[in-house]
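The lines below spell out each chain.
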Amino acid sequence: LFLINDRPRISLRAYRSTHASFTMADAEAPVVAEPPKEPEGPSPFEQKSPYYAKRIELFEKYFAREAEKQEAAKTTNETIKVVMPDGAIKEGVKHVTTPWDIAMGIHKKLAQASILAHVDGADWDMRRPLEGDCALKLFSFDDPEGKELYWHSSAHVLGEALELEYGADLTIGPSIEEGFYYDCYLGERTLSDHERDGIQKRMEKIIKEKQPFQRIEVTRDEALEMFTENKFKVELITNLPDDARISCYRCGPMVDLCRGPHLPDTAWIKSVAVNQCSRAHWRADVTKDPLMRVYAVTFPTEKLMKEYKLRIEEAKKRDHRVIGLNQELFFFHQLSPGSCFFLPDGAKVYGGLVNFIKEKYWEYEYDEVVTPNIYNFDLWKTSGHAAHYKENMFSFNVEKEEFGLKPMNCPGHCVMFGNRKRSFRELPMRLADFGVLHRNEFSGALHGLTRVRRFQQDDAHIFCRPDQMEYELKQFLKLLDEVYEVFGLTYEMKLSTRPEGYLGEIEIWDQAEAALTKALNETGKEWKLNPGDGAFYGPKIDITVFDALKRRFQCATVQLDFQLPIRFNLSYVTEANEPARPIIIHRAILGSVERMFAILTEHFAGKWPFWLSPRQVMLVPISENSRAYALEVRQKLRREGFHAQVDETDRKMQKKVREAQLEQWNYILVVGDGEQTNGTVNIRTRDNVVHGEHSLADLMEVLKEERRVKSLTCMFGVEKSAAAAAEKAAEAEAAKKAAEAAQAAQA
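All values derive from a computational prediction rather than experimental measurement. (Residues numbered from 1 in each chain as written. Predicted model: local features only at pLDDT ≥ 70, side-chain atom pairs only at ≥ 80, totals over all residues. Heavy atoms only, no water.)

1. Remarks on the pattern of salt bridges
- Counted under the stated rule, the structure contains 54 salt bridges.
- Here E163 ties to R55 by a salt bridge, and the two come within 2.8 Å at their closest N and O atoms. Here E163, found in helix α5 (residues 144–166), pairs with R55, found in helix α2 (residues 44–74); they are 108 residues apart in sequence, far enough to count as distant. Like E163, the residue R55 is buried in the burial classification.
- Note that E472 and R430 form a salt bridge whose closest N and O atoms lie 2.8 Å from each other. Remark: R430 occurs in strand β20 (residues 429–433) and E472 occurs in helix α15 (residues 469–487); sequence separation between them is 42 residues. There is no split in this pair, since E472 and R430 are both buried.
- Here the salt bridges share partners, and the residues they tie into one network are K360, E363, K478 and E482. (Salt bridge = Lys/Arg side-chain N within 4 Å of Asp/Glu carboxyl O. Helix = DSSP H or I, 4+ residues; strand = E, 2+ residues; numbered from the N terminus. Buried < 20%, exposed > 50% of the residue type's maximum accessible area, 1.4 Å probe, protein only.)

2. So, the sheet that holds strand β23 (residues 459–464)
- Pairing is mixed across the open sheet formed by eight strands, whose spatial order is β16-β20-β23-β30-β27-β26-β24-β25. On the outer flanks of this sheet lie β16 (367–368) and β25 (527–530), each paired with one strand and no other.
- Taken strand by strand, helix α14 (residues 410–417) contacts β20, β23 and β30 (583–588), and its axis lies near 40° from that of β23.
- Packing against the sheet, helix α16 (residues 506–521) makes contact with β24 (490–496), β25, β26 (540–546) and β27 (552–561), and its axis sits at approximately 155° to β24. (Pairing = 2+ DSSP bridges. Contact = heavy atoms within 4.5 Å. Axes fitted to C-alpha atoms, helices over the stretch in contact; angles between N-to-C directions.)

3. Brief notes about the packing of aromatic side chains
- With the rule as written, the count across this model stands at 32 aromatic pairs.
- Ring plane angle 45° and centroid distance 5.6 Å describe the contact between Y51 and Y52, whose orientation is recorded as tilted.
- One aromatic cluster in this structure is built from F330, F332, F342, Y350, F597, F604 and W608.
- Of note, R55 hangs over the ring of Y51, and the distance from its end group to the ring centre comes to 5.4 Å.
- For R498, the ring lying beneath its charged end belongs to Y502, and the centroid distance is 5.5 Å. (Phe/Tyr/Trp six-rings, centres within 6.5 Å; stacked < 30°, edge-to-face > 60°. Lys NZ or Arg CZ within 6 Å of the ring centre and 35° of its normal.)

4. Thoughts on the packing of helix α19 (residues 627–639) against helix α22 (residues 696–709)
- Viewed as axis vectors pointing N to C, α19 and α22 meet at an angle of 35°, and their least axial separation amounts to 12 Å. Here the hand of the crossing between α19 and α22 comes out right-handed. On α22, the residues that touch V633, K636 and L637 of α19 are L696, M700 and L703.
- Classifying every residue of the contact of α19 with α22 gives five nonpolar, no polar and one charged. (Left-handed = near helix turned anticlockwise from the far one by under 90°. Nonpolar A, V, L, I, M, F, W, Y, C, P; charged D, E, K, R; others polar.)

5. Considerations on the sheet that holds strand β19 (residues 401–405)
- Taken in spatial order, the three strands of this open sheet run β17-β19-β18, and their pairing is antiparallel. Lying at the two open borders of the sheet, with one neighbouring strand each, are β17 (374–376) and β18 (395–398). Taken over all neighbouring pairs, the strand axes of this sheet differ in orientation by 35° on average, direction set aside.
- In the sheet, β18 pairs with β19 via four bridges, with the strands oriented antiparallel. Paired with F396 across the bridge in β19 is F403.

Written as structure tokens, this is what we have:
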């Protein structure tokens, strides 16, 4: 979260990926408590005031040093050239002209909208002087990069508020998907929702003061001196190299380690809301210091804040944990934390997802395999997981040897490939596995179905030759698109290329990146380049999916791996009868089935499409006389594989229909004496559209088709409605022509 100059930088996205638990899922449930009583004697802030004052004194000392350097540099009055994205060249003065000045020279509105600059691709403050000829790109709040800066600057305002209100020891305060949080240490004190208003008012006061964000660079020893009384900052600093150059930012009396950049001042923040106070732990480790986490969000307009609050309210209604309980889909129990109990209806949805992927596997010629759940740790030593992933695994001793529950399938698939000699004719080998996986997530990180300890993946590994990579990647992206289209999910793709610390031959990397690029281009969809963000063992495509509320989720992935075949000494015999290494393509579409279950629950708001619904058909007998006929119809539906039930309660028909609609049954079939005599059913849907009396055969035909095509909407009556609409349009057109003819005749 802070910058080391002249060294490789770690982006915030990379930081999140390597510290995955630093997300909203890491926090425990919101703290609900009575307002705390203020302790007697000096407040925590008053006790910390001498430390804060010393920190400001040192900052001003180093800030003056920075100012002297800039003033000295100005004397050269050296002209620089600044290249804009459209190729236009703007002139400036070295160490004097800022990105803000360049923007103002183009148009005042551009400067007012721009909050972040990229100088030769590096993040840069809008008011920070340029240091030479460069390429300049500007970003507004509408850009993802702009939002990240805006919310990280806002996190500093939150940090200042926590120091002023509670004398907090600040730890980290990153931006997140929508908003930001700050973790802080308060000793034995906790924060609850009662404190949210006070924190928000303090933030609003800071914003009104128009406090500038000021930047300095210091040495490791100078940083240690500035933060000597904050053990968390000291730990971060001591992990840096001795010769590190560290950037710090000040806003008001708060100074923090930070890579930047930031807004020019706090007045750029126009609307703020403090959302939640919850518990967390330092480094997401329950054995370390307990922290308080405060979530908030800010926007540059009140309109955006109102839209955000509406989305949050809708998201609460769609919360998969609430819908899961209301529809009796699943639950969790303290006897097995992080491991879900799927009830019968939940198991139907779960099975529907898995079976759908199995259908696609058959179409795309994958072979499903079954592998062990428990392995001797020698396997994980070979794969490298023992050295780098052991803390996330469940391990135990069996007959004095260490074993572990598998957290992923790829090492087992490598054992399967290496079980015997392989020929080039056997490749590509596509191995699919729905085996149960376990990962030892911290209890504080568990969050519904989105962060669990026990889960399954639509995990598959393709062992192929280098010349087969391109085709396999194209086929995967085609399969991915077909699956997400069925769910009604949109997505974006990013190509992450070779990082600095890559392993393997450069020729293979180039070939792999070229294959990925060509496969992406042939999808016809837009994609972005994420240079240097690939794994050390191979490039990858990161796929982000969007639900109905436009929230982002990471589910699917496709990753090339050149190293695992080496670690397991895998080979095949070529046409020339020579041994060669295969390439492994790791790929998943749903990712975790549990996580996709949660996403789809919220995406559909519990209104499952017919093909995936656990509640497809509810039969409502009008009276006891119709009960036997209702049960007969149910049996016919079940024989065709439909989930059907009969409401045998003694409630009135209207009440039964209403309950079935609230319980999200796709079709409600009312049956009485007339329907029994005619061998028909009276059809209506959960959205209260009444289709009237139809034969069971006609209904069956529509239901089978709706299931076959996996329609997202009800198909009953669609053709009839389309025909009626066409007939109505034809009548209108005929009437129009008749009127025109009559007018012509009169003329």
